[in-house]
Amino acid sequence: GRGRASDMLAGSRRGPVRAALAMCVGSSALGSGALNERSVETAHSFTGRMCAASRLEETRRPDSLFSDPLAYTLAGKEGRAQPMGGWIMVPRTRFGDDFLRDHYTRGARQLVLLGAGFDARAYRMSGLPELRVYEVDQKTTFEVKEPLLTGESLAVASRAAVATEFTRPGEWAAALLASGFDPAVPTTN
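### Section: the pairing of strand β1 (residues 110-114)
Among the five residues that make up β1, four are buried, leaving the element largely enclosed by the rest of the structure. Taken together, the five bridges between β1 and strand β2 (residues 132-138) define a ladder with parallel strand orientation. Within β2, the residue paired with L113 across the bridge is E135. Bridge analysis of β1 against strand β4 (residues 187-188) gives two bridges, and the strand direction is parallel. Paired with L111 across the strands is T188, a residue of β4.

See below:
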């Protein structure tokens with residue numbers, strides 16, 4: 001099986017994953033693995049936590065461009081220790097929010113987030129009462145994310161966590177359809 005991200009840094013034979021994590025977080029950023037919460041298992045999932053940490057930093061600003069009340073929880077200790085960087089995440093998040101609102105006013109009622117990571121739009125974006133959100137990502141991401149969202153209230157009509165493996169051709173599309181996605185309904189991503 002796959003080890004935790006911190007274990008991969010400590011000497012796993014998974015060269016590409018270890019190298020990607022080392023480039024993103026440095027060799028000691030994840031600590032010894034003695035975390036009081038569940039750690040992510042892949043570089044991709046770790047990036048999602050880093051993005052949530054950057055949303056947390058923006059949320060804490062008095063002049064913030066958006067608010068993400070779940071960012072602290074979703075980032076976890078490992079993400080909060082190494083935010084992605086506001087220079088990229090703040091404009092990207094704001095652009096995505098504005099893009100979604102614009103397309104919602106034009107009739108889009110489904111949002112598909114490929115590689116959703118630790119995104120929280122389904123919980124933080126009010127004023128989109130008919131929106132159905134489909135978060136598509138690796139199973140390992142959702143194994144950490146879903147327990148963190150237990151008991152949280154949606155701001156949209158519905159949310160589906162669509163676990164898939166992107167390296168298998170056609171799998172994510174089939175999983176998306178199986179989760180209730182309707183190709184006939186106007187959609188944005």
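### A short note on the environment of L70
Residue placement: L70 occurs in the loop between α3 (43-59) and α4 (71-80). Spatially, the C-alpha atoms of L70 and A52 are 8.4 Å apart, while their sequence positions differ by 18 residues.

### Some words on the packing of aromatic side chains
In this description, a pair of aromatic rings is defined by centroid distance and the angle of the planes. According to the stated counting rule, one finds two aromatic pairs in the structure shown. Where Y134 meets F181, the ring centres are 5.7 Å apart and the plane angle is 85°; that geometry is what we call edge-to-face. You can see Y134 sitting in strand β2 and its partner F181 sitting in the loop between α8 (171-178) and β4, a full 47 residues away along the chain. Taking relative accessible area as the criterion, F181 reaches 16% and is therefore assigned buried. Over the ring of Y72 we find R80; its NZ or CZ atom is 3.7 Å from the centre of that ring. When the ring centre of Y104 is taken as reference, the NZ or CZ atom of R109 above it lies at 3.8 Å.

### A look at the pairing of strand β3 (residues 158-164)
Where β2 meets β3, seven bridges bridge the pair, whose relative direction is parallel. Residue pairing in the sheet places Y134 in a bridge with A160 of β3. Crossover β2 to β3 through helix α7 (residues 139-149) is right-handed.

Rules of the game
Residues numbered from 1 in each chain as written. Predicted model: local features only at pLDDT ≥ 70, side-chain atom pairs only at ≥ 80, totals over all residues. Heavy atoms only, no water. Buried < 20%, exposed > 50% of the residue type's maximum accessible area, 1.4 Å probe, protein only. Helix = DSSP H or I, 4+ residues; strand = E, 2+ residues; numbered from the N terminus. Pairing = 2+ DSSP bridges. Phe/Tyr/Trp six-rings, centres within 6.5 Å; stacked < 30°, edge-to-face > 60°. Lys NZ or Arg CZ within 6 Å of the ring centre and 35° of its normal. Right-handed = clockwise from strand over helix to strand, strands pointing away.

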